[in-house]
Amino acid sequence: QNSLDARAPGMQARVRVVFPRPGAMLASGRKDSYFAGLWPHLGADRSGLAGLPTPDRPLDFVLFEDFGTRGLQGPPEQSEDEEIDAGRSRNDYYYFWRNVGRSRKSASELGRWGLGKTVFPAASRLNAFFAVTVRRDDGRRLLMGQAVLKIHKLDGARYYPYGYFGRFEDDFALPVEDAGLVDGFCSDFCITRRAEPGLSVVIPHPEPDLAPQQVLPSVVRHYFVPILAGD
């Protein structure tokens, strides 16, 4: 749905879904740079998670990539609704990463409730996901991650539900743009995107029923019309 809404004019949206081989799963040393700071929060009292995988378990994941789309455009530093100018183009980046339960999509688009993106953390046993986007308008390649827990306490401190992977200015998360770090992430998670505009989403430790034999019939059942139409 989001890929169809984000199609570039005159382009066909292509979606790539990857279930990695066991040998492609990340071992402890490689995954620590992405998850070391998250594990204490996942195991915190009242985090809202149950049945967590152990931290030393190899990291399985599912990857979704779309091509022929515009990517997440708009200034990544926008933090509040009040900064939106109705006369400017909408900020896809803000609405994907910062906003919850709302969207600026129009009535002619498929997704308007801001709920499609909640599928990504809901599909993860960690309630987490990462995304790399390349933007069609300026070519910037941006990496961020997010975990969605409940309000919880850790070492006596109270934490809000949303935690981010990125580079921080004070407490505000901004995307990683360092080419070496983004290249390493893409290699670790089988991402084929280089300079092609679009979005690549990684779901770590997916729920067991997120498997090829369930996904393929669902794609055919729900999207056979745009597939047959060539969209």
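Residues numbered from 1 in each chain as written. Predicted model: local features only at pLDDT ≥ 70, side-chain atom pairs only at ≥ 80, totals over all residues. Heavy atoms only, no water.

Draft legend 1. View of the overall build of the chain. Regarding its fold elements, the chain presents seven helices and ten strands. Looking at the chain residue by residue over its 231 residues, the buried ones come to 43%. Long-range contacts, defined as pairs at least 24 residues apart, comprise 68% of the intrachain contacts of the chain with a sequence gap of at least 6. Roughly 12,500 Å² of accessible area belongs to the chain as shown, and the carbon and sulfur atoms make up 54% of that amount. (Helix = DSSP H or I, 4+ residues; strand = E, 2+ residues; numbered from the N terminus. Buried < 20%, exposed > 50% of the residue type's maximum accessible area, 1.4 Å probe, protein only. Contact = heavy atoms within 4.5 Å. Areas by Shrake-Rupley, 256 points an atom, 1.4 Å probe, with all protein chains shown as cover.)

Draft legend 2. Molecular detail of the packing of aromatic side chains. Inspection of the entire model under this criterion finds 17 aromatic pairs. For the ring pair Phe96 and Phe129, a centre distance of 5.9 Å and an interplane angle of 90 degrees mean the geometry is edge-to-face. One end of the pair, Phe96, is in helix 4 (residues 92-97); the other, Phe129, is in strand 3 (residues 128-134), with 33 residues separating them in the sequence. Taken together, Tyr34, Phe35, Phe61, Phe130, Phe165, Phe185 and Phe189 form an aromatic cluster joined through their ring pairs. Over the ring of Tyr164 we find Arg98; its NZ or CZ atom is 5.9 Å from the centre of that ring. Positioned above the aromatic ring of Phe67 is the side chain of Arg193, whose terminal nitrogen or guanidinium carbon lies 4.4 Å from the ring centre. (Phe/Tyr/Trp six-rings, centres within 6.5 Å; stacked < 30°, edge-to-face > 60°. Lys NZ or Arg CZ within 6 Å of the ring centre and 35° of its normal.)

Draft legend 3. Structural context of the layout of surface pockets. A volume near 510 Å³ is recorded for the second largest pocket. Lining of the second largest pocket is provided by 25 residues; of these, Leu38, His41, Tyr162, Gly163 and Tyr164 occupy positions nearest its centre. The set of elements that each furnish at least two residues to the lining of the second largest pocket consists of helix 2 (28-35), strand 3, strand 4 (141-148) and strand 7 (162-165). Class assignment of the residues belonging to the lining of the second largest pocket gives a composition of 16 nonpolar, seven polar and two charged. (1 Å grid on protein atoms, 1.4 Å probe; cavity = no way out; pocket = protein on both sides within 12 Å on 5 of 7 lines; lining within 4 Å. Points joined across faces, edges and corners; volume = space filled by probe spheres on them. Nonpolar A, V, L, I, M, F, W, Y, C, P; charged D, E, K, R; others polar.)

Draft legend 4. Spotlight on the nonpolar core. Tyr34, Phe35, Phe185, Phe189, Ile191 and Val202 are the most contacted members of the largest nonpolar core, which has 26 residues in total. Elements supplying a minimum of two residues to this core: helix 2, helix 3 (39-42), strand 2 (61-67), strand 3, strand 4 and helix 6 (179-188). Residues in contact with Phe189, not counting those within four places in the same chain, are Leu26, Tyr34, Leu59, Phe61, Leu63 and Val202. In terms of nonpolar packing, the next biggest core, distinct from the first, is built from 17 residues, Ala123, Ala131, Leu142 and Val201 among them. (Core = buried A, V, L, I, M, F, W, Y, C linked by side-chain atoms within 4.5 Å.)

Draft legend 5. Summary view of the sheet that holds strand 7. Ordered in space as 1-2-10-3-4-7, the six strands form an open sheet in which the pairing is antiparallel. The open sheet is flanked by strand 1 (14-18) and strand 7, the only strands paired with a single partner. Looking at each pair of strands side by side, their axes are set apart by 15 degrees on average, direction ignored. Pairing geometry for strand 3 and strand 10 (residues 198-204), over five bridges, is antiparallel. By the bridge assignment, Thr133 is partnered in strand 10 with Leu199. (Pairing = 2+ DSSP bridges. Axes fitted to C-alpha atoms, helices over the stretch in contact; angles between N-to-C directions.)

Draft legend 6. Layout of the environment of Val201. Along the chain, Val201 falls in strand 10. We classify Val201 as buried; its relative accessible area is 2%. Spatially, the C-alpha atoms of Val201 and Val132 are 6.6 Å apart, while their sequence positions differ by 69 residues. Once you skip the residues sitting within four places of it in the chain, Val201 turns out to touch Val62, Leu63, Phe64, Phe120, Phe129, Phe130 and Ala131.

Draft legend 7. Highlighting the pattern of salt bridges. Inspection of the entire model under this criterion finds eight salt bridges. Between Asp92 and Arg70 there is a salt bridge, and its shortest N-O distance comes to 2.8 Å. Placement of the pair is Asp92 in helix 4 and Arg70 in the loop between strand 2 and helix 4, with a sequence separation of 22 residues. (Salt bridge = Lys/Arg side-chain N within 4 Å of Asp/Glu carboxyl O.)

Draft legend 8. Highlighting a nonpolar patch on the surface. Together, Leu216, Val220, Phe224, Val225 and Leu228 make up an exposed nonpolar region whose accessible area comes to about 540 Å². Here Val220 is to be found in helix 7 (residues 212-228). (Patch = residues over 30% accessible without salt bridge, like charges linked within 9 Å, V, L, I, M, F, W, Y side chains within 5 Å.)

Draft legend 9. Structural view of the environment of Glu77. As for its placement among the helices and strands, Glu77 is situated in the loop between strand 2 and helix 4. When the C-alpha atoms of Glu77 and Tyr94 are compared, they prove to be 8.3 Å apart, with 17 residues separating the residues in sequence. If sequence neighbours within four positions are ignored, Glu77 has contacts with Phe172 and Leu174.

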